[in-house]
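One-letter residues, chain by chain:
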Amino acid sequence: MELVERTAAGVLTMHARARSAGADCQHCGSPSHRVHGRYMRRLADSSVGGARVVIELLVRRFKCPNPVCPAVTFAEQIAGLTSPHTRYTPLVREQLTSIALALAGRAGARLARMLGLRVAKDTLLRMVRAIPEEPAGQIRVLGVDDFALRKGDSYATILVDLERRRPVDVLPGRDAEPLAAWLKHHPEVEIICRDRAGAYAEGARSGAPQAVQVADVWHLWHNLGEAVEKTVSAHHTCVRKTFESTVPTAPPASDDIWQTPPAPTAGTLDACGRERRLVTRTRERYTAVQQLLADGKTLENICRTLQLDRSTVRRFARATNIDELLVKATNRSTILDEHKPYLHQRWNEGCHDTAQLHQEIAALGFTGSIQTVRRYLRPFKAATAAPPVPRPAPRPRRIVRWIMTDPGNLTVDDAADLKEIRTGCPELDAVTHHVRDFAAMMRGLQGDQLPAWMERVLADDLPALHSLITGLSRDIDAVTAGLSTPWSSGQVEGQVARTKLLKRQGYGRANLDFLRKRVLLTP
């Protein structure tokens, strides 16, 4: 080391040259002492006190004495300091690579600049791509799942070693062929945990016929929840009747209170007693879709004929009845719901001034307009007193949550409401029994009881659960294994969540190969 000097503001320049007598050729290994020439290399080193450090190294170029060596001359390399074609010391390169793995290109370049290391975002991407990968090694239990590169457009598949709890590869697409090809190079795989996608099942069968496929229990529980939600939506009319039959009645203010018709509830009718436009449109679309299906039309033809989105047509086509669709159209809460008891009370006390009532509930937190209050109170003007506030029926998803929750974890009120619903609707009572039997089977790893459970479900009139049983029957071996073994895709779901974070940090800047490197190499 000859000199250390400050050549510019915020930059420290260090001048150095090698003292060795000769060097070995990097191509053939022959030692050489014949100096062909000299040149200056500038290497970026770690910052000192926030100042950038640049090492100006005087490097010699030697002539190779081996006449058959393709390199006539070669440059000397200083161990621990230089390597061919690099502008960073090994320490700085390691730092920049760690930054690039953690933050990707653009964000990583900003952080490096704050640390006194100037680097372009594309250089960071190249550094990550140049990192050698560790071999996957022997994998006994493999987890498989997909994630979206661009939702609805392109996807990829992540493979996780469940025993070592780390990802081992990322495959393009979510088809059977890439997975099968990867599994053929890993015949040691004994267990494959996956969701119930048919492509992964086919890929596992063709690529690893010796492996036991395990359907993930979370996906099984989720599929069951979807079937329960469809059933609750189809029988929500029973729920409404049950709650309407137990409407609390207030003491009458006069004898003719009971002679007035009840006010329209938030359902199929609006405040003026007319059928809501959303309800009318839902009925018309349901009738049109079902008629076209009966005529043999495909979903694509129906989409073009009715000018509807495919997901909308599919929802109307899969609905078992109109009530299942009207649940979402008629069971919507409003900002006035929590203030309705107060309005009823004040109306019966004799206050019929809409403006005053609006001011009073506005002081209680109501944020709507006076027109909303006026439309709601309009039916009351023809009556002697306001009818009692109808007891609101719980939403379908809330009922589903009660059914899918362990009975011991339900509150007293929720358990009482669920018991009331089960008493008023035999179908929902049967669904609750089936769900709790499935939960006990899943917690106790009693997959051998699955066939008997499926027979009990088929014995009841539950179309949505029958569709679930049909799907389970096509993948019965994997489902049975999922309910009988402790292996699941929980780790894979965690890796997918981490991958989504890494993907968003990249801002779409790099391709799948860069994302794959970050997934495999980021600790």
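Preceding this paragraph is the structure being described.
Rules and cut-offs
- Residues numbered from 1 in each chain as written.
- Predicted model: local features only at pLDDT ≥ 70, side-chain atom pairs only at ≥ 80, totals over all residues.
- Heavy atoms only, no water.
- Helix = DSSP H or I, 4+ residues; strand = E, 2+ residues; numbered from the N terminus.
- Polar contact = N/O pair within 3.5 Å; in protein donor to acceptor, adjacent residues only side chain to side chain.
- Axes fitted to C-alpha atoms, helices over the stretch in contact; angles between N-to-C directions.
- Parallel < 35°, antiparallel > 145°, perpendicular 65-115°, else oblique.
- Left-handed = near helix turned anticlockwise from the far one by under 90°.
- Contact = heavy atoms within 4.5 Å.
- Nonpolar A, V, L, I, M, F, W, Y, C, P; charged D, E, K, R; others polar.
- Phe/Tyr/Trp six-rings, centres within 6.5 Å; stacked < 30°, edge-to-face > 60°.
- Lys NZ or Arg CZ within 6 Å of the ring centre and 35° of its normal.
- 1 Å grid on protein atoms, 1.4 Å probe; cavity = no way out; pocket = protein on both sides within 12 Å on 5 of 7 lines; lining within 4 Å.
- Points joined across faces, edges and corners; volume = space filled by probe spheres on them.
- Core = buried A, V, L, I, M, F, W, Y, C linked by side-chain atoms within 4.5 Å.
- Buried < 20%, exposed > 50% of the residue type's maximum accessible area, 1.4 Å probe, protein only.
- Patch = residues over 30% accessible without salt bridge, like charges linked within 9 Å, V, L, I, M, F, W, Y side chains within 5 Å.
- Areas by Shrake-Rupley, 256 points an atom, 1.4 Å probe, with all protein chains shown as cover.
- Salt bridge = Lys/Arg side-chain N within 4 Å of Asp/Glu carboxyl O.
- Pairing = 2+ DSSP bridges.

### A look at the environment of Ser 206
Inference 1: Within the fold, Ser 206 resides in helix α5 (residues 198–207).
Inference 2: Residues Ser 206 and Lys 184 lie 22 residues apart in sequence; the distance between their C-alpha atoms is 8.6 Å.
Inference 3: A polar atom in the side chain of Ser 206 sits 3.3 Å from the backbone oxygen of Gly 203.

### Quick notes on the packing of helix α12 (residues 340–348) against helix α13 (residues 354–363)
Inference 1: Packing of α12 against α13 leaves a shortest axis separation of 11 Å and a crossing angle of 140°. Taken together, the axes of α12 and α13 lie oblique to each other. Handedness of the crossing formed by α12 with α13: right-handed. Here Tyr 342, Leu 343, Arg 346 and Trp 347 of α12 lie close against α13, whose contacting residues are Gln 356, Leu 357, Glu 360 and Ile 361.
Inference 2: Class assignment for the residues of the contact of α12 with α13 results in five nonpolar, one polar and two charged.

### A closer look at the packing of aromatic side chains
Inference 1: Counted under the stated rule, the structure contains three aromatic pairs.
Inference 2: Arranged with centres 5.0 Å apart and planes meeting at 55°, the rings of Phe 438 and Trp 453 form a pair that is tilted. Placement of the pair is Phe 438 in helix α17 (residues 426–443) and Trp 453 in helix α18 (residues 450–458), with a sequence separation of 15 residues.
Inference 3: Stacked on the ring of Tyr 155, the Lys or Arg Arg 174 has its end atom at 3.6 Å from the ring centre.

### Quick look at the layout of surface pockets
Inference 1: Of the pockets and cavities examined, the second largest pocket occupies roughly 940 Å³.
Inference 2: The wall of the second largest pocket is formed by 29 residues, among which Arg 196, Asn 223, Glu 226, Ser 467 and Leu 468 lie closest to the centre.
Inference 3: Secondary-structure elements contributing two or more residues to the lining of the second largest pocket are α5, α6 (217–234) and α19 (463–474).

### Here's the deal with the nonpolar core
Soluble globular proteins tend to pack their nonpolar side chains together in the buried interior.
Inference 1: Of all hydrophobic cores here, the largest spans 38 residues; its most connected members are Val 228, Ile 403, Phe 438, Trp 453 and Leu 483.
Inference 2: Residue assignment for this core shows that the elements contributing at least two residues are α6, α7 (236–244), α15 (396–404), α16 (412–424), α17, α18, α19 and α20 (476–482).
Inference 3: Ranked by the residues each element gives to this core, the list is headed by α17, at seven residues.
Inference 4: In contact with Val 228, not counting residues within four places along its chain, are Val 400, Ile 403, Met 404, Val 431, Val 435 and Leu 465.
Inference 5: The next biggest cluster of nonpolar side chains, apart from the first, holds 17 residues, and it includes Ala 100, Val 119, Leu 125 and Val 128.

### As for a nonpolar patch on the surface
Inference 1: A cluster of nonpolar side chains, Leu 111, Met 114 and Leu 115, forms an exposed patch at the surface whose accessible area comes to about 320 Å².
Inference 2: One can find Leu 111 in helix α2 (residues 105–114).
Inference 3: Looking at Leu 111, the relative accessible area reads 36%, which means it is partly exposed.

### Some words on unusual backbone geometry
Inference 1: Backbone geometry at Ala 104 places phi at a positive 70°, although glycine is not the residue there.
Inference 2: Looking at the secondary structure, you find Ala 104 in the loop between α1 (90–103) and α2.
Inference 3: Of the residues examined, Ala 104 reaches a relative accessible area of 3% and is grouped as buried.

### Quick look at the sheet that holds strand β8 (residues 141–150)
Inference 1: The strand order across the open sheet built from five strands is β10-β9-β8-β11-β12, with neighbouring strands paired in mixed fashion. Either end of the sheet is taken by a strand with one partner, and the two such strands are β10 (166–172) and β12 (212–215). Each strand axis lies, on average, 25° off the axis of its neighbour in the sheet, ignoring direction.
Inference 2: Running at roughly 130° to β10, helix α4 (residues 176–184) makes contact with β8, β9 (154–161), β10 and β11 (191–194) of the sheet.

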